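The residues making up each chain are set out below.
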Amino acid sequence: MPYVRKHLIEKGTTFKNHFVTSAICCPSRVSVLKGQFAHNTKFTDVFGEFGGYDKFLREGLNNEYLPKWLQRAGYSTYYIGKLLNGYGTHNYEQTPGGWTDFDALVHPYVYDNFHPVFAKNGQKIDDFEGKFQVDVIQEKALNVLSEALKVVDEKPFFLYIAPTAPHTEVLFNSPKKVQQAPGTTPYTSKTMFTEPLPAKRHEHLFSDVRIPRRKNFNTEDVSGKPGYIAQLPLLNDEDIETLDHWHRQRLRALQSVDELLDSVVRKVEEAGQGDNTYIFYSSDNGFHLGLHRLNAGKTTPYEDDINVPFIVRGPGVARGAVRKESSTHTDIAPTFLKIAGAENLAYDFDGTPIPIHAQDPEEPNRESFAVEFWRPLEAELFKVEKGEENIYRSARVVGKDYSYLYTVWCTGHRELYDNKKDPDQLTNIYKEAPITLLNRLDALLVVLKDCVGKQCSTPWNQLHPSGNVKNLGDALNPEYDGLYQATQRLEIKECLNGFYPENEILTEALKSHTIE
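Residues numbered from 1 in each chain as written. Predicted model: local features only at pLDDT ≥ 70, side-chain atom pairs only at ≥ 80, totals over all residues. Heavy atoms only, no water.

S.K.: Break down the pairing of strand β3 (residues 76–81) for me, with residues and values.
M.R.: Judged by how many residues are buried, β3 sits mostly within the fold: six of six residues are covered. As paired strands, β3 and strand β7 (residues 157–162) are joined by six bridges and run parallel to one another. Opposite isoleucine 80, over in β7, you have isoleucine 161 as the bridge partner. Bridge count between β3 and strand β4 (residues 101–105): four bridges; the pairing is parallel. Bridge assignment links isoleucine 80 to a residue of β4, and that residue is aspartate 103. (Buried < 20%, exposed > 50% of the residue type's maximum accessible area, 1.4 Å probe, protein only. Helix = DSSP H or I, 4+ residues; strand = E, 2+ residues; numbered from the N terminus. Pairing = 2+ DSSP bridges.)

Below, the structure written as structure tokens:
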């Protein structure tokens, strides 16, 4: 993506250790808009009881969220693209509020790249059949910028641009003629996943590119993985060629996003506002292709799915820099509000402002956060058996001298990876790890799983109220061994499809591996 490099990487700061905390679109998007983990928003799925646009309204999650806080601070706010699954042709009049202009893709056409359908401010359906979705979004974004930049000195603005590329095409048996009438449902629940489709002008690119053959691609030994992965056969040559093709299609689809970014930056710079505008670039989730024998998808706790791009440029942001402190999507809303001089008076954020400016000191204690998921795996290319076992709670720790992923699965399986020594997360060291380390990670996960507000950014204060322990390194001091032997650890009783807090119980700390 040459324009991302030109406009953002070279002129801004890249955050190497930025993560999503629920590796799927809608829960992750809500964390951005609310500054909270999914266990606090209770928004844990993309449709149904635990997710989707109707739940967002039903639960009042739009009563206090990012655009409303910015509007109260004097900002115009604009949204273009996909908001949440379930905002559709049947309910488009029910807008979420908080946006000066809300121009959203509507279901069931959200992931149909050559049949984008929008609803602007809930007033009418606009059908762009035959046009490429990202190109339509680009035109809309430039129109918004033309007007917003005229009055930016008197009225600052916030623009959220959300194309779906390079998302897999998801077709919902939608009819060719778009149903206009609110209250109807012009589609079935049947879905079909296909490869991402790029713009025609990019179809010829990357013909020789393959998925990088890292050690965790089609992993030879998956014996330490959870059961649904451990039972997977090796991908055969045909599977691998198909995955390579999907990889090429994703790269091709991203070129239109790159062009979109270029057009936006040029528009801002032509207005003389290039040095006065913050631009953030990120994603709802990562994606895996062939990871540990899995085919195409997301939703796992592994690095491919949770470690996402986060690049910032703007006033006071270092150019061509890389920062290594960990940050998550729960930190984005607090960061935006700090920049804007806005406030959230309704509740305490789970996240904290990210140190985006060159003058911001290093924050080595930004190292621990939860990764959480309560939904079956949905492989996007071909079925994976026992996908209902993809229910887990994880603690991710990213320190200067250590880096761990610790996961408790609904089957009782436990995983621990030393990412410093094993960045591809090949060898589960849980059964060989010192009990002292496991006790600390168990106690940390117990705090993180229910944390609210500042508890989430300072979890060690819950275990050491005196404040003398700031990170895992401090906690590993042998003088605390007795304390951690008296703590508890998490167990998930069943593999349930949904977030049921009563399904997560606490038991006594591990004393030795022999009693596992």
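After that view, the rundown keeps rolling.
S.K.: Can you tell me about the sheet that holds strand β17 (residues 391–398), naming the residues and giving the values?
M.R.: Each strand in a sheet pairs with its neighbour through backbone hydrogen bonds, running either in the same direction (parallel) or in the opposite one (antiparallel). Spatial ordering of the open sheet is given by β16-β17-β18-β19, a layout of four strands whose pairing is antiparallel. Bordering the open sheet on either side are β16 (368–374) and β19 (414–418), each of which pairs with just one other strand. For this sheet, the mean inter-axis angle between neighbouring strands, taken without regard to orientation, is 15°. Here β17 pairs with strand β18 (residues 403–409) via seven bridges, running antiparallel. (Axes fitted to C-alpha atoms, helices over the stretch in contact; angles between N-to-C directions.)

S.K.: Can you lay out unusual backbone geometry for me, pointing to particular residues and giving the numbers?
M.R.: Cis geometry marks the peptide bond from histidine 107 to proline 108, where omega comes out at 10°. One can find proline 108 in the loop between β4 and β5 (117–120). For the peptide bond that leads from alanine 165 to proline 166, omega is 10°, which places it in the cis range. Note that proline 166 resides in the loop between β7 and β8 (169–171). A positive phi angle, near 60°, is found at phenylalanine 206, a position not held by glycine. The exposure class of phenylalanine 206 is partly exposed, given its relative accessible area of 29%. Even without glycine at this site, histidine 292 takes up a positive phi of about 50°. Within the secondary structure, histidine 292 sits in the loop between β11 (288–289) and β12 (296–297).

S.K.: An account of the packing of aromatic side chains is requested, with residue identities and associated values reported.
M.R.: Here the structure, examined in full by the defined rule, presents 28 aromatic pairs. An angle of 75° between the planes, with centres 5.4 Å apart, marks the rings of phenylalanine 50 and tyrosine 500 as edge-to-face. Placement of the pair is phenylalanine 50 in the loop between α3 (38–41) and α4 (53–58) and tyrosine 500 in the loop between β20 (488–492) and β21 (504–508), with a sequence separation of 450 residues. Aromatic side chains phenylalanine 118 and phenylalanine 128 sit 5.8 Å apart centroid to centroid with 90° between the ring planes, which places their arrangement in the edge-to-face category. Separated by ten residues along the polypeptide, phenylalanine 118 in strand β5 and phenylalanine 128 in the loop between β6 (125–127) and α6 (133–148) bring together distant segments of the chain. No difference in accessibility class separates phenylalanine 118 from phenylalanine 128, as the two residues are buried. (Phe/Tyr/Trp six-rings, centres within 6.5 Å; stacked < 30°, edge-to-face > 60°.)

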